Amino acid sequence: MTVLYYNCSEIIQVEDAGRIYKRGEEMKDVAILHDAWMLVSDGKISAIGEGSYEHLNFEESINMKGQKLMPSFVDSHSHLVYAANREDEFAMRLAGKSYAEIAAAGGGILNSAAKMQLASEDELLEAAKSRLDALIKMGTGAIEIKSGYGLNQSAELKMLKVIRRLQAESPVSIKSTFLGAHAIPEAYKGKVDDYIDLVIDEMLPAVVEESLADYIDVFCEDGYFNLSQSMRVLEAAKAYGLPAKVHVNQFNSLGAIKPMVDLGAVSLDHLEVMNEEEIKYLAESQTIATALPGCSLFLDIPYTPGRQLIDQGAALALATDLNPGSAPSGNMALMIGLACSQMKLRTEEALVAATLNGAAAMELSEELGSLEIGKWANFIVIPSEFSMASIPYHMGHNLISEVYLKGEKVV
Ligand SMILES: [Zn+2]
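Residues numbered from 1 in each chain as written. Predicted model: local features only at pLDDT ≥ 70, side-chain atom pairs only at ≥ 80, totals over all residues.

### Some remarks on the overall build of the protein chain
This is how it is decided: Numbering of helices and strands runs from the N terminus, with a helix taken as a DSSP run of H or I at least four residues long and a strand as a DSSP run of E at least two residues long. Radius of gyration: over C-alpha atoms. The globule rule applied is 2.2 Å multiplied by the number of residues raised to the 0.38 power. A residue is called partly exposed when the number of other C-beta atoms within 10 Å of its own lies between 12 and 20, exposed at 12 or fewer, and buried at 20 or more, with C-beta atoms placed from the backbone. Any residue pair is listed as a contact if its two C-beta atoms, each placed from the backbone, are within 7 Å.
The helix and strand inventory of the protein chain stands at 15 helices and 16 strands. For the protein chain, the C-alpha radius of gyration of 21 Å lies close to 22 Å, the compact-globule estimate for 411 residues. Taken along its principal axes, the extent of the C-alpha atoms in the protein chain is 70 × 45 × 45 Å. Burial analysis of the protein chain (411 residues in total) assigns 53% to the buried set. By sequence separation, contacts in the protein chain at least 24 residues apart represent 73% of the contacts at least 6 residues apart.

### Points about unusual backbone geometry
Of note, lysine 344 is a non-glycine position whose phi angle comes to about 65°, a positive value. Within the fold, lysine 344 resides in the loop between helix H12 (332–341) and helix H13 (347–354). In this structure, lysine 406 is a non-glycine residue whose phi angle is positive, near 50°.

### Side note on the domain arrangement of the protein chain
To keep things clear, this is the line we draw: How far each domain reaches was decided by an automatic or database domain assignment.
Its domain assignment divides the protein chain into domain 1 (2–72 + 371–409) and domain 2 (74–360). Each of domain 1 and domain 2 has a C-alpha centre, and the two are 29 Å apart. Contact with domain 1, which involves 27 residues of that partner, is made by 32 residues of domain 2. Sorting the residues of the side of domain 1 that touches domain 2 by element identifies helix H15 (390–393) and strand S15 (402–405) as the ones contributing at least two each.

### Focus on the sheet that holds strand S12 (residues 288–291)
The test is simple: Should DSSP find at least two bridges between two strands, the strands are taken to pair. Axes, fitted as lines to C-alpha atoms, cover a helix only where it is in contact. Angles between the N-to-C directions of the axes lie from 0 to 180 degrees.
Taken in spatial order, the eight strands of this open sheet run S6-S7-S8-S9-S10-S11-S12-S13, and their pairing is parallel. Sheet topology places strand S6 (73–75) and strand S13 (316–318) at the edges, where each strand pairs with a single neighbour. Averaged over all pairs of adjacent strands, the angle between strand axes in this sheet comes to 25°, irrespective of strand direction. Relative to strand S7 (residues 140–146), S6 runs parallel, the two being bridged by three bridges. Within the sheet, the bridge partner assigned to phenylalanine 73 lies in S7 and is threonine 140. In the packing of helix H7 (residues 227–239) onto the sheet, the strands contacted are strand S8 (173–181), strand S9 (215–220) and strand S10 (245–248), and the crossing angle to S9 comes to about 175°.

### Some details on the packing of helix H6 (residues 192–209) against H7
Our working rule: What sets the label is the angle itself: under 35 degrees gives roughly parallel, over 145 gives roughly antiparallel, 65 to 115 gives roughly perpendicular, and the rest give oblique.
At a minimum axis separation of 10 Å, H6 and H7 run at an interaxial angle of 10°. The angle between H6 and H7 falls in the class roughly parallel. Residues Val192, Asp193, Ile196, Val199, Ile200 and Leu204 of H6 form the contact with H7, whose participating residues are Gln229, Arg232, Val233, Ala236 and Ala237.

As structure tokens, then:
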């Protein structure tokens, strides 16, 4: 089936020269076509251009009536599969308890883990599906989802199986990440190395055996896993062919940036706390730097130094970190707004970070993340009265009138 979308006042392609990400200065360039059309064959973009479309062959044509097309958002870091929301803990925090006190009282990740161990695969799938439907309406067309609330082998595998089922049933492109080392289970307090042994010797081989993960992740942080424990997990996974996407430098710098870049991490995520040397090292590497501004907003912690990273040449991505404890919003338009208002990005830079560079952080940017020939027709439609600048300006307000994934209208 070949469909022509015509009469678009703009098609914001983001990229038009096949680059798989943009870094530094390049992030200011967003390719835009005016008075434009796009031809979609079997879900993929087969032609795109400005002005006359008389020469094209198509079976169906859709008049976009002056609206604007842009790529759907790519959320390259989320914890979408979880058992329960944690409003109660939020209320505790508002009543004066710190994140550490809530965790010490059995809250935090361990609270999510306890509920996860009780939930069935079907219950988790249904809850995740309804969350994902809400994200699709807000323009998310690809998402990475982590395990990490299981913290034992059967619950971690259960989470990963739910992610694989979502992948099979959803029009959204999904990548799966094994985050067995997300927090220290109660039984392993004071015996963290033993838990790392369990992750490496038992959980990881089982995950690989069933092909349940595309990536490995670790929470490398004081009170969680130190640098050498984190590196052990990442290196073991690398030997199985699982590349790294890692939680680092959220509250402290443990010196992880250089060894993880050198290991070939696809992305390093969080990065709220970085010294000059780390910014420079990451900015000059092939690793995507992923900022999670929703987490900074919710926890009231510093924002990732996105401006400095881009000025030093980094390929920066934006993601939501959607999770029940520290980042309950999956709204990518809000992340773009925060990146502009708090991290001092330009609109163009934030848009590149939320689309093409996010796709690169999931190794999907050869098939999505921009509107270019050969890529999936994953796009959102915004009414003609809005512009690219309206997205950060409206701070998460949903401006989207229609969403298409793989050429199918889903909203
Ligand atoms: Zn996270």
